[in-house]
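# Summary of structural features
Next come the chains, spelled out residue by residue.
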Amino acid sequence: MAETPEAKTSQRPTHTVEDYLMFMYVMERDDGEVVSARLAELLDVTPATVAMTVKRMERDQWLINRGRGDISLTAAGREAARSVLRRHMLVECLLVDLLGLPMHETHQEAHAIEHAISLTLEERLSEVLGNPHLCPHGNPFPGYEHLAAGWKRLTELDQGQRVIIRRIHTFAEQKPAVIEFFAEKEISPGVIAEVTDISDINQTVELLIHESRVTLGFQVAQYIYAETGQP
């Protein structure tokens, strides 16, 4: 008996599809659209590979592809994406809070484990960890996006503002060199910083952190979110 599309979406996606769904969900949530070219960059695959995978995901009803880059997740795709994102974040919390792993080393470890976690274990992990609302990088768990609603990217701030760094965006975790640089410069959630210079010409943001000056290009600074005000 042939398997129906409804039966397919009731099953857990493959590891590859889970990766695509998670990134698509974050793009929809934070940028308002899914960009195929960015998917190819984040997943380190060719645009042709993205196109083929998207076609299969549309067949299996994980997403709707209206053409010309207009892609959105179905209800089943969005729920599957939220699940894998939760599992990823829970593993990161486990590694940092209970095992003491440095935050910048958690992403690859979590990525290797997230696909093997069952729904039962996911729920148990959440209970053991105290039902966290933010991952160690400050990204909100699905359902808690409102916690980050008032935080601004460094590129949106004004010179002279004192801020508290609150979040390192999920996409930065795909770039080990960037995450390691942030760790080296002590750029992490909870750190107080002052925006000492923003240059539209040079496309740079300069921060003062613990009496040390750090210069970031806009391309990197956009991954960092901060809470404004006088800490």
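Residues numbered from 1 in each chain as written. Predicted model: local features only at pLDDT ≥ 70, side-chain atom pairs only at ≥ 80, totals over all residues. Heavy atoms only, no water.

### Thoughts on the sheet that holds strand 6 (residues 204-209)
Applicable threshold: For two strands to be treated as a pair, DSSP must find at least two bridges joining them. Helix numbering and strand numbering both begin at the N terminus, where a helix is a DSSP run of H or I of at least 4 residues and a strand a DSSP run of E of at least 2. Between two residues, a contact is recorded if the distance between any of their heavy atoms is within 4.5 Å. The angle between two axes is taken between their N-to-C directions and runs from 0 to 180 degrees, where each axis is a line fitted to C-alpha atoms and a helix contributes only its stretch in contact.
Ordered by their spatial adjacency, six strands build an open sheet running 3-8-4-5-6-7, and the pairing between neighbours is antiparallel. At either margin of the open sheet sits one strand with a lone partner, and together these are strand 3 (152-153) and strand 7 (212-217). In this fold helix 8 (residues 176-184) packs onto strand 4 (162-168), strand 7 and strand 8 (224-228), with an angle of close to 160° to the strand it touches most, strand 7.

### Observations regarding the packing of helix 5 (residues 75-98) against helix 6 (residues 106-114)
This is how it is decided: In what follows, roughly perpendicular refers to angles from 65 to 115 degrees, roughly parallel to angles under 35, roughly antiparallel to angles over 145, and oblique to any angle outside these ranges. Helix crossings get a hand from a simple test, with the near helix turned counterclockwise from the far one by less than a right angle marking a left-handed crossing and a clockwise turn marking a right-handed one.
Between helix 5 and helix 6, the shortest axis-to-axis distance is 9 Å and the interhelical angle comes to 130°. Classified by the angle their axes make, helix 5 and helix 6 are oblique. Judged by the sense of rotation from one axis to the other, the crossing of helix 5 with helix 6 is right-handed. Of helix 6, the residues touching helix 5 (which contributes V84, R87, H88, V91, E92, L95 and V96) are T106, H107, E109, A110, H111, I113 and E114.

### Overview of the environment of R38
Let me state the cut-off plainly: Here a polar contact means two N or O atoms within 3.5 Å. Within protein one must be a hydrogen donor candidate and the other an acceptor candidate, and residues neighboring in sequence count only if both atoms are side-chain atoms.
Mapped onto the elements, R38 comes out in helix 3 (residues 36-43). A polar contact of 3.0 Å, which involves the side chain of R38, links it to the side chain of D31.

### Describing the environment of E58
Structurally, the position occupied by E58 is in helix 4 (residues 47-59). For the pair formed by E58 and I192, sequence separation is 134 residues and the distance between their alpha carbons is 44 Å. Excluding anything up to four places from it in sequence, E58 contacts L63 and N65.

### Quick look at helix 8
For the α-helix, the turn length of 3.6 residues means that residues three or four positions removed from each other point alike. Quick note on the threshold: Between buried and exposed lies partly exposed: a residue is buried under 20% and exposed over 50% of the maximum accessible area for its type, with that area taken using a 1.4 Å probe on protein chains only. To be clear, the arc concerns the directions from the helix axis to the C-beta atoms.
Among the residues making up helix 8, those that are buried are V178, I179 and F182. With its buried residues spanning 95° around the axis, helix 8 presents them on a single face. Exposed side chains of helix 8 directed beyond 90 degrees from the buried face belong to A177 and E184. Here the buried face of helix 8 lies against strand 4, strand 7, helix 9 (218-221) and strand 8. Positive phi shows up at E186, right after helix 8, with a value of about 60°.

### Considering the environment of R213
The topology assignment puts R213 in strand 7. Classification of R213 as exposed rests on a relative accessible area of 54%. R213 has contacts with T196, E206, L207 and L208, leaving out every residue within four places of it along the chain. A polar atom in the side chain of R213 sits 3.3 Å from the side chain of E206.

### Here we look at the pairing of strand 5 (residues 192-199)
When a strand is regular, its side chains alternate between the sheet's two faces. Here strand 4 pairs with strand 5 via three bridges, running antiparallel. Note on strand 5: the bridge partner recorded for V163 is A193. Summarising the sheet, strand 5 and strand 6 pair through five bridges and their orientation is antiparallel. Note on strand 6: the bridge partner recorded for D197 is E206. Where strand 5 hands over to strand 6, the hairpin turn is made up of four residues, of which Q203 adopts a positive phi near 60°.

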